[in-house]
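Fold and geometry: a report
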Amino acid sequence: MATRKNSGGKGHLASLDMTKTIKKKKYHHKLGKLQEELRQIQQAYLFSGDAAVIVFEGWDAAGKGGTIRRMMALLDPRGVKVWPIAAPRDYYRERHYLTRFWERLPPKGTISIFDRSWYGRVMVERIEGFATTTEWQRAFDEINDFERLLVEDGTRVLKFFLHITPEEQLRRFEERLRDPIKRWKLGYEDFRNRKRWPEYIEAIEEMLDKTSTKIAPWHLVPANDKRYARIEIISTICKELSRGVELGPRPLDQKTLLEANNIFDLDPDLVDNLAGRTE
């Protein structure tokens, strides 16, 4: 995975190594450890009041949903919310496009995950004509200001773009077509959008150039190998969300500790441990 930076004119997506893979046994070993670490981070956030926004963008069938499911495996749903973003309903069409995202931001101590996001304004809305040229060009500054406000208010912002090749996308489409359980994911627009691949490349490259900032950089993920992409993404999330956060167990408050001791007659060493008193 690469954090977006100047690619010397080659193009950010073209600079990714799409051959990267991970062996199945190593993948499962790493995934289990990362899921445990992510659960620990979430518990720490509940006590610390930290909050985070995690944005997933990428091609159709790039693996966003699968990665999110692996992230959620051990998390407490009371402290994390996944927002799947589709076309806005009429209520939001009559308001600023960021309105529905403001309403879905995480309360303190929690995490919001966006499966697609406000970046639709500068990708699909731009290409399909749902936003005027003035609107989507203005959106670059609006988005940067939006994310800056979040970060300055104490919310961490992580953004991932999952990149696959056209050939790999077509293979996954066929897999979905043949699998009754996955078939619901496939629609006419998935095939139609492939015809506009060069236009999307142009829009994505401009998006990366104009919205990858120091406080909220884009993380570009070569995702032809789903397992490799998942490990890279969840590793980055754990690293960034744990930065500066105390992950150790929180001591019990005095009132709870006294009541527990009255009921269980706890060993003095355990009382000290639960109170956070160490030598």
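Quick caveat: nothing in here was measured; it's all calculated off a predicted structure. The residue count restarts for each chain, going from 1 along the sequence in the order it is written. The predicted origin of the model limits local features to residues at a pLDDT of at least 70 and limits the giving and counting of side-chain atom pairs to 80 or more, whereas totals for whole chains, interfaces and linings rest on all residues. To get the side-chain values, take all heavy atoms of the structure and skip hydrogens and water.

**Details of the nonpolar core**
Among buried residues, those of type Ala, Val, Leu, Ile, Met, Phe, Trp, Tyr and Cys that are joined through side-chain atoms within 4.5 Å constitute a nonpolar core. Working definition: with a 1.4 Å probe on protein chains only, accessible area under 20% of the residue-type maximum means buried, over 50% means exposed, and in between means partly exposed. Ranked by internal contacts, the top residues of the largest apolar core, which has 68 residues, are Phe56, Trp118 and Ile237. In this text, helices come from DSSP runs of H or I with a minimum length of four residues, and strands from runs of E with a minimum of two, each type numbered from the N-terminal end. In terms of residue count, helix H10 (residues 226-242) provides more of this core than any other element does, eight residues in total. Here, residues are in contact when the closest pair of their heavy atoms is within 4.5 Å. With residues near it in sequence (within four places) discarded, Trp118 still touches Val53, Val55, Tyr97, Leu98, Phe101, Ile143, Phe146 and Glu147. Among the nonpolar cores identified, the runner-up in size contains five residues, and Leu257, Ala260, Leu266 and Val271 belong to it.

**A word on the pattern of salt bridges**
Only one rule defines a salt bridge in this text: a Lys or Arg side-chain nitrogen within 4 Å of an Asp or Glu carboxyl oxygen. For the structure on display, the rule yields 23 salt bridges. Salt-bridge contacts for Arg78 lead to Asp76; the nearest nitrogen and oxygen are separated by 2.7 Å. For Asp76, a relative accessible area of 18% puts it in the buried group. For Glu199, the salt bridge goes to Arg196, with nearest N and O atoms at 3.0 Å. Each of the salt bridges in this network shares a partner with another, and the network as a whole consists of Glu168, Arg171, Arg172, Glu175 and Lys182.

**Structural notes on the side chain of Lys159**
By the secondary structure assignment, Lys159 is in strand S5 (residues 155-163). We call two N or O atoms a polar contact when they sit within 3.5 Å, provided that within protein one can donate a hydrogen and the other can accept it, with sequence-adjacent residues counted only if both atoms are side-chain atoms. Within the local environment of Lys159, its side chain forms a polar contact with the side chain of Glu147, the two groups lying 2.9 Å apart. Excluding anything up to four places from it in sequence, Lys159 contacts Val55, Tyr119, Glu147, Thr211, Ala216, Pro217, Trp218 and His219.

**Concerning the packing of helix H2 (residues 64-72) against H10**
Viewed as axis vectors pointing N to C, H2 and H10 meet at an angle of 50 degrees, and their least axial separation amounts to 10 Å. Comparing their axes, H10 and H2 come out oblique. When the axes of H2 and H10 are compared, the crossing they make is right-handed. Contact residues: Gly66, Thr67, Arg70 and Met71 in H2; Arg230, Ile233, Ile234 and Ile237 in H10. Lines are fitted to the C-alpha atoms to define the axes, a helix being fitted only along its stretch in contact, and any angle between axes, read from their N-to-C directions, falls within 0 to 180 degrees. In this scheme, roughly parallel covers angles under 35 degrees and roughly antiparallel covers those over 145, while 65 to 115 is roughly perpendicular and the rest are oblique. A crossing counts as left-handed when the near helix is turned anticlockwise from the far one by less than a right angle, and as right-handed when that turn is clockwise.

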